[in-house]
Amino acid sequence: LKLQFLYFIGGCGGKMASSVTVAVRCRPFSQREMDQGAVNVINMEGGMTAITSPGPQGKAHSFTFDHSFWSHNAEDKNFASQETVFEAIGSKLLKATFDGYNSCLFAYGQTGSGKTYSMIGYGEDTGIIPRLCESLFDQCNQRVADTDGDWDYRVQVSYLEIYNEKCRCLLNPQSKEVKPREHPLTGPYVEGLTEVIVTSFEEMNQLMDEGNKTRTVASTQMNATSSRSHAIFAVSFTQHSGVKADPNKKGTEKASKLNLVDLAGSERADKTGATGATLKEGANINKSLVCLGKVIAALADAANDTKGKKVHIPFRDSSLTWLLKENLGGNSRTIMLAALSPHASNYEESLSTLRYADRAKRIKTHAVVNEDPTSKRIRELSEEVSRLKELLEAGTKPETPVAPAEDEEAPANDVPAGEDTNNYDKLTPSQQLALTVQALEDATMPWADKERKNEEIQKERREALHKMGIGIEIDKSMPSLVNLNEDPFMSECLVYYLKNGVTNIGSEIEEEEEGVCLKGNAINDHHCSIAVDTEAEPPHAVLTVIGESVVYVNGEKVTGEHNLFPRDRVIFGDTHIFRFSFPKLEGAQTARGEHVDYQMAIKEKYDTEAETFKQAILEEVNKEEAKRDEKVAETVRRARASSLKRKEAEARIKELEEDLRAAPAMSNITGTVKAPPEQEKLAPSGAAAQQKSALFTSQGGRIKHVDVGLFSANRKQVARVPPQLVRKYKIILIGHEEVGKTSLKKCWQGDPRWFKKLPDVMCTTGIEVQEHRLRYEGHGAGNYSDDDLTLSVLDFAGQEVYHSHSLFLTPRTVFCFVWKMSNYQDGEMSEVEEGRMMGWLDEVYSKAPGSSAILIGTHKDLMPNQSTAYLNRVLENVKTRFKEYIKSIQLGDEPEKTIHISGSYAVSCKSRQAWGEGLSEKGVKMSELLRAIGHEAFKRCLGDRVFPSGAIPGRHIQFMKELERIKKERKKLLLPIQEYAQLAADFGIEDQKELCDSTNLFHCWNVLYLFTQAKRLLDNPYIFLHPLWLSHMVSALFSFAHLMYTPPEMRKYIGGLDYNPIEALRVDRGCLRQGELNFDLVRVVLSRSIKDIRNDKPDAPVDDADLEMCLQLLISMDLVFQHVLDSPEPSQAAQDPGTLVTSSGNSKYYIPSLFPYSCPTVLQEVVPYLFQKGVGRMYLFNIFPKEFYYRLVCRLHHLLIPIEVPVAIPPDIGPDSQYLAPDHSFDLRNHWKNGIWIGTEGIRALIYQEDTMIYAYYLPSATHDLADDSAGSVGIRDFVKYVNEVIEVLADEYDGLSVSCCQPCMEPECENWFDVAILTEVASKNEIITCQGCRDERPAKVILAGGGLEIAPGQCWAGLWPNLKATLGSDCASALLVSLGCILDESDIQDAGEAFLQSNPNKCCEWLDKFIKTVMYIDYNSQESYE
């Protein structure tokens, strides 16, 4: 009844609240997208629209709208045509118009997403606006006929363009700019906007067509006909019923206004290729769209606000939102059509559009039937005129008659964007009176006067259109320039007539001057002129180019004077393309018979430019070859001249070396530093040598050292050799996938000749190594003259699944951060690209804080602006951004604590050229870029603090050669640390620091691998001798994850796989997607690696013991952890392919970095309440490398409390589901990629990572009190201390990592944390510390002793209940707690919770495990599982 009553009121002119109707439409692929192998990311079903992010681990977002139009494929049964779209939403607008409601339709979407096509259409396939207008007149004529003249109507239209935040009337070509204004009685309006009376659809369609031809359309790479301005086509519709019965022949009046809005595309500068004025234009367009988004968000918040809070709606921030004020939040029925692009490259824009539309559907409007609005307006205006006249006579200033709306703040101005010339409040009384009188005259003007005025307007319009060259038919008697456009619909619609005489062309043409005014790129103020003489015999036309202006005729760039002939293709600047027409010269020289169109003109230009460019390149190549030949000849001459001198120098060096060997103080000369007797030998640290309880030493053996002597008294005597000069350095290419690292590395293999095709580039798997040898002159040190540098270039695969790569980052490396320059937009790198690069920077800084970095931007040829100044600005901006980030994370200003950005370069692998610091502005060969990077490595060698100038002591060289000999025999993979140290002592390395220095050097040179890259050598119980094989083995394993997350159609581009992908997918059975390492998969993936290290034949069998050895290596690297099963029947375990059966037990293996789920958000939100009786810790890091958390899980896995949860619906693994066994179980465990649930008897803890912080919450049961650990068992204090030590020891392995341990304030409501180091210092002085959050004062010793919050169990439950209720809802939270047997009556939650804990003191941990399981079940399964 209430709904019927509201509907009745709405029909009678009362307000009727309704939501904005939202429809989305997905266009088909363009031809260019199909040629590029387009991938669709959008799906629609009914009213639901889903979008999935591209990539192997695509995340889906679902939205529900009133209409979802699938126009992607015409062959689909649910394909939505133009007719379908009109019937769904156009008919609603038409009905609302006849019912007397104001209505609005606006289209929103990315450039090229199909907005203009949906609204206007192309050619015969008309859009919503033409269909709507035609149906309007059809129904009007039908009603007039059906009522025998008792019903009448009147239609007026206006067409407004908002371009660069300026308004322009499209129906009055002579108008420069019209201003948006506001009158307190009539509301927002546009001063000077032309309204034209129309009586038929043909008249309206002609007005629309002529308006479209004056609308600004810019050519962009994304869509050559994309709208670059907002357009509002407004239809004012007035209808009169009961005309015959009314003596005045007016009857009952209903008035409605229909606004049809085609919004400009949401531009992305990096994809449109826009530059200069077009780029600025796009920025202004985005500005107005951002303002529209703010208005929509504010209106949505206001509609959903149940508290009646006042919300400011920023209508005045732009002209667009100001003019759509009524349509968005007032008297209107509004429909939004969101246009979507399905291409994966447009994922971010399409997702943004969907979110935009999702907010819009929450807006409420209040449409009313506009009955007799003219009479009401006339009455109000008359009263205002009378009031103003009285005030003028009294000599006082009037008050504003209408106050601002309740949902707005009254700003200083009543017009948008700073316009205050017509602010009604600030006008004088006489000005206000004049404005109101004008509005009253407009409202009372008889219709006959309006028709006469309309005829005058139409006459002026036709003259102006003819003058501007906008016409439908070409005047056959005059020469002209006719536009050509990529879209045939837009071709030949602009005609510029050329008078007999001189016609000037340029961007600055005086108003009284009869010329052609063109705006755009490369158009000068005075560009050129065309002189036409139609009286001469024969008639002729001469084009004169002014200065350096850019003009092409038939593809050839012309200068000076040039004769024009009919059908000539003339291009002014970059984008203005015309066909020259001269009727009197049709028989003269021309391109006879050919059809002249846009494609023909563009092809001519491109062919000419390509040939010119090719000739210039060939000339440049010949010059380079001549210079190279001359340089080679000069080098030969110098070599011959210095041959005798070099031989003499070598003989002298040999004499000096023999003298050095015979000298008694040889050690001082060769650079060996003897350690003083009192210096300590390398030994375990005190903290790490402490004894641990049985629990920790047996399971967590990571934190222990071998307490043995490093050097033995018995050693071999090896002859010493002099030092040698070895300059060796690494270059690591770092960057995300598809940025061009592999192409860059291939270009460095050699300088291919111009236009030679680059070899096919496959996607990198793992780490690829390339060796280079460079020579630098004039850098000799002392007696050494060898200036050669050996570079190892390592290409790291960019997919995120290869997180193991960070384990192979070392000092003595130049890190090249490779990024994609086409992702540079709006003066900065894209947010996604920058996030990836800064993530890699965190990894590098954590391992090698004193290193050097090079920034390399690829795909320079795809930048929108190719000028040198713009390129230098981009490179400098990116370099500055990197420096700012490094400064924010570095641990000090010392050189060894910061990363030095030593260069920023741009490359084009397409043309094999590089630009940047120290390189030619014209670009250099790729080998020169490698040489520039190598020079930085060379300087690093010269300035090495441990081995200056690359001078390596002879004993180190001998030691390295001995290690290489052992490796070559392939009898050992590992050397125990004692054996390694003894071997070093045999070659004279007796000092602990010297051994550490040489070991670190060998680690950087890939001679050996340190499992723990720490400051203490003894943190490594073993030294691994085959680092390159180790990286290959690890990469082989993670390459399967790369394969698994790659769409099947793209897997053919993955190179370097050492196994059969189909076989690997078959034996995996979907396990790796859950983070479980199937042993059968290990056998398939790692067999080749094992055969390589053993030198076995390809068909040789692989022993399970070797596979287990590989797994142990992965465990030692903290990549995998092992879970020992309790199954008593090995035969049963053997049936599970993921289980390894050994004599010592059955095990499963897990990879933390591949866990698919995150720690449930609900759990993170309620954990402070669950653990208020326990201990809290927060570890704050300066940076947080991704690998840190995964390694932490591997070191704490033995404390993991396993919880398994059945999945209601198996996860969708796409096309690989064919490899699943029919009985495959998808029970999921609490293996989270950002959290871990650990504990022991009577203790539970949740540890999870968030940004650069790790939170740890501990809860002991009632039998494990905080202040008193039970004797003979692991107490809460030991547990906290152990976890704390694991985190600190792990952090100590990173040179660039700092961590601060904090604990919470003891007040329940306070969220402040104390730094434990500060607490300890204050506690040592027996002082009181004040909390900065709640200002609570307590002794520091009390806070340290408590470790957490002092809250009774009942209060703990009282805090838990409202949080659960807010997160899950009251019913679900209540059912969750009741199902666990802990809460029987939610009205007495506090007493019930306290009674539970007191009556079941030993079941506290058991209940927590059940609670975790329930939360996981809800989090992993569908919404129906809540019920």
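Structure: see above.
An account of the accompanying structure is given in this report. Computed from a predicted structure; not experimentally measured.

## Some remarks on helix 33 (residues 1276-1292)
- Here helix 33 spans 24 Å end to end across 17 residues, near enough to the 24 Å set by a 1.5 Å rise per residue.
- When helix 33 is considered as a whole, its buried residues turn out to be I1276, F1279, V1280, Y1282, V1283, N1284, E1285, V1286, I1287, L1290 and A1291.

## What to know about the packing of helix 32 (residues 1186-1196) against helix 33
- At a minimum axis separation of 11 Å, helix 32 and helix 33 run at an interaxial angle of 135°. Viewed along their axes, helix 32 and helix 33 adopt a mutual orientation that is oblique. In the crossing of helix 32 with helix 33, the sense of the turn from one axis to the other is right-handed. Only Y1282, V1283, V1286, I1287, L1290 and A1291 of helix 33 make contact with helix 32, whose side of the interface consists of F1188, R1191, L1192, R1195 and L1196.

## Considerations on the sheet that holds strand 42 (residues 974-976)
- With antiparallel pairing, the three strands of this open sheet are ordered in space as 42-44-43. At either end of the open sheet lies a strand with only one pairing partner, and these are strand 42 and strand 43 (1009-1010).
- Pairing geometry for strand 42 and strand 44 (residues 1022-1024), over three bridges, is antiparallel. Across the sheet, residue L974 finds its bridge partner in strand 44, namely F1024.

## Observations regarding the nonpolar core
- F817, F882, F1040, L1077, F1188 and Y1258 are the most contacted members of the largest nonpolar core, which has 120 residues in total.
- Tallying contributions element by element places helix 26 (residues 1027-1044) first for this core, with eleven residues.
- Counting residues in each nonpolar core, the second largest holds 47 residues, with W70, F106, L328 and I363 among its members.

## Looking at the pairing of strand 38 (residues 900-908)
- Along strand 38, seven of the nine residues are buried, which leaves the element largely enclosed by surrounding structure.
- In this structure, strand 37 (residues 852-858) lies alongside strand 38, joined through six bridges in parallel fashion. Counterpart to I856 in the pairing with strand 38 is Y905.
- Crossover strand 37 to strand 38 through helix 21 (residues 868-889) is right-handed.
- Inspection of the sheet shows strand 38 paired to strand 39 (residues 913-916) by four bridges, in the antiparallel sense. Bridge assignment links A906 to a residue of strand 39, and that residue is W915.

## Structural notes on the pairing of strand 15 (residues 230-241)
- The element strand 15 is extensively covered by neighbouring structure, given that ten of its twelve residues are classed as buried.
- Where strand 10 (residues 151-163) lies against strand 15, twelve bridges are found, and the strand directions are antiparallel. Across the sheet, residue I162 finds its bridge partner in strand 15, namely H230.

## Notes on a nonpolar patch on the surface
- A contiguous nonpolar surface patch, about 260 Å² in accessible area, is contributed by M762, M1050 and Y1053.
- Relative to the helices and strands, M1050 resides in the loop between helix 26 and helix 27 (1061-1068).

## Re the environment of L94
- Mapped onto the secondary structure, L94 falls in helix 3 (residues 82-99).
- Each C-alpha atom, one on L94 and one on C133, is 8.8 Å from the other, the two residues being 39 residues apart in sequence.
- In this view, L94 contacts L132, S135, L136 and Q139; residues no more than four positions away in its chain are not counted.

## Side note on the packing of aromatic side chains
- Under the defined criterion, the tally for this structure stands at 29 aromatic pairs.
- Both rings, one in F63 and one in F65, keep their centres 6.2 Å apart while their planes meet at 15°; by these two values the pair is stacked. Residue F63 shares its accessibility class with F65, and that shared class is buried.
- Ring centres of F1181 and F1184 lie 5.2 Å apart, and the angle between their planes is 85°; this geometry places the pair in the edge-to-face category. Take F1181 and F1184: they sit in the same class, and that class is buried.
- One aromatic cluster is present, built from ring pairs that chain together F98, F137, W151, Y153 and F237.
- Across from the ring centre of W151, 5.6 Å away, lies the NZ or CZ of R143, which sits over that ring.
- Geometry around Y101 places R333 over its ring, the cationic atom sitting 3.8 Å from the centre.

## Here's the deal with the sheet that holds strand 22 (residues 516-517)
- The strand order across the open sheet built from five strands is 22-21-23-24-27, with neighbouring strands paired in mixed fashion. A strand with exactly one partner marks an edge of an open sheet, and here the two such strands are strand 22 and strand 27 (561-564).
- Where strand 21 (residues 501-506) and strand 22 come together, two bridges link them in parallel fashion. Bridge pairing in strand 22 links G506 to C517.

## Here we look at the pattern of salt bridges
- Under the defined criterion, the tally for this structure stands at 36 salt bridges.
- Taking the shortest distance from any N to any O, the salt bridge between K879 and E917 comes out at 2.9 Å. Linking K879 in helix 21 with E917 in the loop between strand 39 and strand 40 (924-925), this pair joins segments that are 38 residues apart in sequence.
- For the salt bridge of E1076 with K1148, the shortest nitrogen-to-oxygen distance reads 3.4 Å. With E1076 in strand 45 (residues 1076-1077) and K1148 in strand 48 (residues 1145-1150), this pair connects stretches of sequence that are 72 residues apart.
- Members of the salt-bridge network, linked through shared partners, are K847, D1118, E1187, R1191, R1195 and E1293.

Thresholds, definitions, all that
Residues numbered from 1 in each chain as written. Predicted model: local features only at pLDDT ≥ 70, side-chain atom pairs only at ≥ 80, totals over all residues. Heavy atoms only, no water. Helix = DSSP H or I, 4+ residues; strand = E, 2+ residues; numbered from the N terminus. Expected span 1.5 Å × (residues − 1). Buried < 20%, exposed > 50% of the residue type's maximum accessible area, 1.4 Å probe, protein only. Axes fitted to C-alpha atoms, helices over the stretch in contact; angles between N-to-C directions. Parallel < 35°, antiparallel > 145°, perpendicular 65-115°, else oblique. Left-handed = near helix turned anticlockwise from the far one by under 90°. Contact = heavy atoms within 4.5 Å. Pairing = 2+ DSSP bridges. Core = buried A, V, L, I, M, F, W, Y, C linked by side-chain atoms within 4.5 Å. Right-handed = clockwise from strand over helix to strand, strands pointing away. Patch = residues over 30% accessible without salt bridge, like charges linked within 9 Å, V, L, I, M, F, W, Y side chains within 5 Å. Areas by Shrake-Rupley, 256 points an atom, 1.4 Å probe, with all protein chains shown as cover. Salt bridge = Lys/Arg side-chain N within 4 Å of Asp/Glu carboxyl O. Phe/Tyr/Trp six-rings, centres within 6.5 Å; stacked < 30°, edge-to-face > 60°. Lys NZ or Arg CZ within 6 Å of the ring centre and 35° of its normal.

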